[in-house]
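# Report on the structure
Below are the chains, spelled out letter by letter.
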Amino acid sequence: MKEKSVIGIIGAGIGGVALARSLEQRGIPYHLFEQAPAFGEVGAGIQMTPNAVKVLNALGLADEIDSVGFLPESMDGHSWDTGKELFSTPIKKEFKRIFGAEYYHLHRADLHEILTKDIPKEKITFNIKCQDVKQSGDKAIAYFDNGESFEADLIVGADGIRSVVREALWGKDDPKFTGDMCWRALVPVEEYPLSFVKPAASFWFGPQAHVVTYYVKGGNAVNIVAIKETDGWVKESWTEPSSTSELLEAYEGWNSDLVNLFKKTDNLQVFKWGLFDRDPMDQWSKENITLLGDSAHPMLPYLSQGAAMAIEDAFVLAEALEYYEGEINSALQAYEEERRPRTRRVQLESRERGRTYHLESSEEQQKRDQEIQERQKENPNAVGINSEWVYEYDATKCRERFDKSKASV
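To keep things clear, this report deals only with the structure shown in the data block. (Residues numbered from 1 in each chain as written. Predicted model: local features only at pLDDT ≥ 70, side-chain atom pairs only at ≥ 80, totals over all residues. Heavy atoms only, no water.)

### Digging into unusual backbone geometry
Cis geometry is adopted by the peptide bond preceding Pro193, which originates at Tyr192 and carries an omega value of -10 degrees. Along the polypeptide, Pro193 turns up in the loop between strand S12 (176-188) and strand S13 (201-206). Positive phi values are uncommon outside glycine, yet Asn127 reaches one of about 55 degrees. Position of Asn127 relative to the elements: it lies in the loop between strand S7 (124-125) and strand S8 (130-136). Take Asn127: its relative accessible area is 55%, and that puts it in the exposed class. With phi around 60 degrees, Gln208 is a residue other than glycine that occupies positive phi space. Mapping Gln208 onto the fold places it in the loop between S13 and strand S14 (209-216). On the basis of relative accessible area, Gln208 is assigned to the partly exposed category, the value being 32%. (Helix = DSSP H or I, 4+ residues; strand = E, 2+ residues; numbered from the N terminus. Buried < 20%, exposed > 50% of the residue type's maximum accessible area, 1.4 Å probe, protein only.)

So, in structure tokens, the structure goes:
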């Protein structure tokens, strides 16, 4: 019997811990390295669309996700000033039937906690920062800031958009500032639903800007994501402080429902950050080192797929490693063949949504809105942001595709 490969995972964000859980489920040895002193995630909402929920269900987390998640009634689009409804796609009653899984809104920290709950303490090292990764014979070695190193059959960089592992493989290549900045805030609510916040994934489209709002924490809080084009550079950090007054000033003249919600951020934490992007890569792996999640394919948030793609990556990589029984090169080839076309399309389509959400002229806006409405006349379940192809994908069926690929060789 072959000895199982040892996997080193750099980074314990959502992608890294999803990989750890996927490997734990399969009995594949691994060790997780994280520079933070403990598990934790920022206080923000996150959308888990059906494609990601299929993986979470396969990881045995269906009950946990349901216990902390919020099921929106619909996905609605609105005009930025009048509030006119541009589309409404039923979610709660239809998505599981159509796409094979639910669509949840969660608090990011809740999702992270669920993913980490079964990771043994002895399989993670905190307070340690990876500084370099190198190939050594048929192994890979990660080097850390405390002078220690870790040798593995495979090192996986799940260390974000400014990945040290990516830089070790391909050289320094800074991500590009897109010209878009984002505010986020989490508003606790005593009354559910608020009279001016529908229990939906609500999109508000305006000139050079858009806003998304949705409930998390079982309806006990509303998550705000407000994105606007800017001439000035904004820090990438998720924790750059902003203010209610800055948010209100940026969206002056927008619909009163949004303004009322923004006013509720007074005396709460409001953050802002710049949105950065990279072009799709033609290769993620070299010998016994590969990438996962934002280190491989950072993407704009306009399809709500950053974390979802990392979760899909994690499951597929674990499946490939088990399927190819320690043949690392074959496993990585299968992993990339399955994931790169998918993530490339999501990256590029997310960019395109940034354009269509922010159309400036009323003529362009009317044309976009008419096209959405025509689609919904033909199919009441058509997703207003043209994302059916995203939700239909099922990473948990990748083994079937591995079989077909193997048979065709």
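### Notes on the pairing of strand S4 (residues 74-79)
Of all six residues in S4, six are buried, a share of seventy percent or more. Sheet analysis places S4 next to strand S5 (residues 85-90), joined by five bridges and oriented antiparallel. Considered in S5, the bridge of Gly77 is made with Phe87. Counted along the chain from S4 to the antiparallel partner S5, the turn is five residues long, and its residue Gly83 has a positive phi close to 80 degrees. (Pairing = 2+ DSSP bridges.)

### Some thoughts on the sheet that holds S7
Pairing is parallel across the open sheet formed by five strands, whose spatial order is S7-S2-S1-S11-S18. Edge positions in the open sheet fall to S7 and strand S18 (289-291), since each of these has one partner strand only. The strands touched by helix H10 (residues 328-357) within the sheet are strand S11 (154-157) and S18, with S18 carrying the most contacts at an inclination of about 15 degrees. (Contact = heavy atoms within 4.5 Å. Axes fitted to C-alpha atoms, helices over the stretch in contact; angles between N-to-C directions.)

### Topic: the packing of helix H1 (residues 14-26) against helix H9 (residues 306-323)
How two helices pack is summed up by the angle between their axes together with the distance between the axes. Between H1 and H9, the least distance of the axes is 8 Å, while the angle of their chain directions is 30 degrees. It follows that H1 is roughly parallel to H9 by the angle criterion. Read as a crossing pair, H1 and H9 show a hand that is right-handed. The segment H1 lies against H9, with Ile14, Gly15, Ala18, Leu19, Ser22, Leu23 and Arg26 engaging Ala307, Ala310, Ile311, Ala314, Phe315, Leu317, Ala318, Glu319, Leu321 and Glu322. Tallied by class, the residues present in the contact of H1 with H9 amount to 12 nonpolar, two polar and three charged. (Parallel < 35°, antiparallel > 145°, perpendicular 65-115°, else oblique. Left-handed = near helix turned anticlockwise from the far one by under 90°. Nonpolar A, V, L, I, M, F, W, Y, C, P; charged D, E, K, R; others polar.)

### What to know about helix H5 (residues 108-116)
Judged by how many residues are buried, H5 sits mostly within the fold: seven of nine residues are covered. Those residues of H5 not exposed but buried are Arg108, Asp110, Leu111, His112, Ile114, Leu115 and Thr116. On the buried face of H5, the contacting elements are H1, strand S3 (45-48), helix H2 (50-58), helix H3 (62-68), strand S6 (104-107) and H9.

### A word on the sheet that holds strand S9 (residues 139-144)
Read across the sheet, three strands follow the order S8-S9-S10 without closing on themselves; strand pairing throughout is antiparallel. A strand with exactly one partner marks an edge of an open sheet, and here the two such strands are S8 and strand S10 (149-152). Strand-to-strand twist in this sheet, taken as the mean axis angle between neighbours without regard to direction, amounts to 20 degrees. As paired strands, S8 and S9 are joined by six bridges and run antiparallel to one another. What sits directly across from Asp132, in S9, is Tyr143.

### Structural notes on the packing of aromatic side chains
Summed over all chains, the structure comprises 25 aromatic pairs. Taken together, a centroid distance of 5.5 Å and an interplanar angle of 65 degrees make the contact between Trp284 and Tyr335 edge-to-face. Linking Trp284 in the loop between strand S17 (270-277) and S18 with Tyr335 in helix H10, this pair joins segments that are 51 residues apart in sequence. Of the two residues examined, Trp284 and Tyr335, each falls in the buried class. Taken together, the aromatic side chains of Trp80, Trp183, Tyr251, Trp254 and Phe262 make up a single cluster linked through ring pairs. Across the ring face of Phe276, the terminal group of Arg162 is positioned such that the distance to the ring centre comes to 5.6 Å. (Phe/Tyr/Trp six-rings, centres within 6.5 Å; stacked < 30°, edge-to-face > 60°. Lys NZ or Arg CZ within 6 Å of the ring centre and 35° of its normal.)

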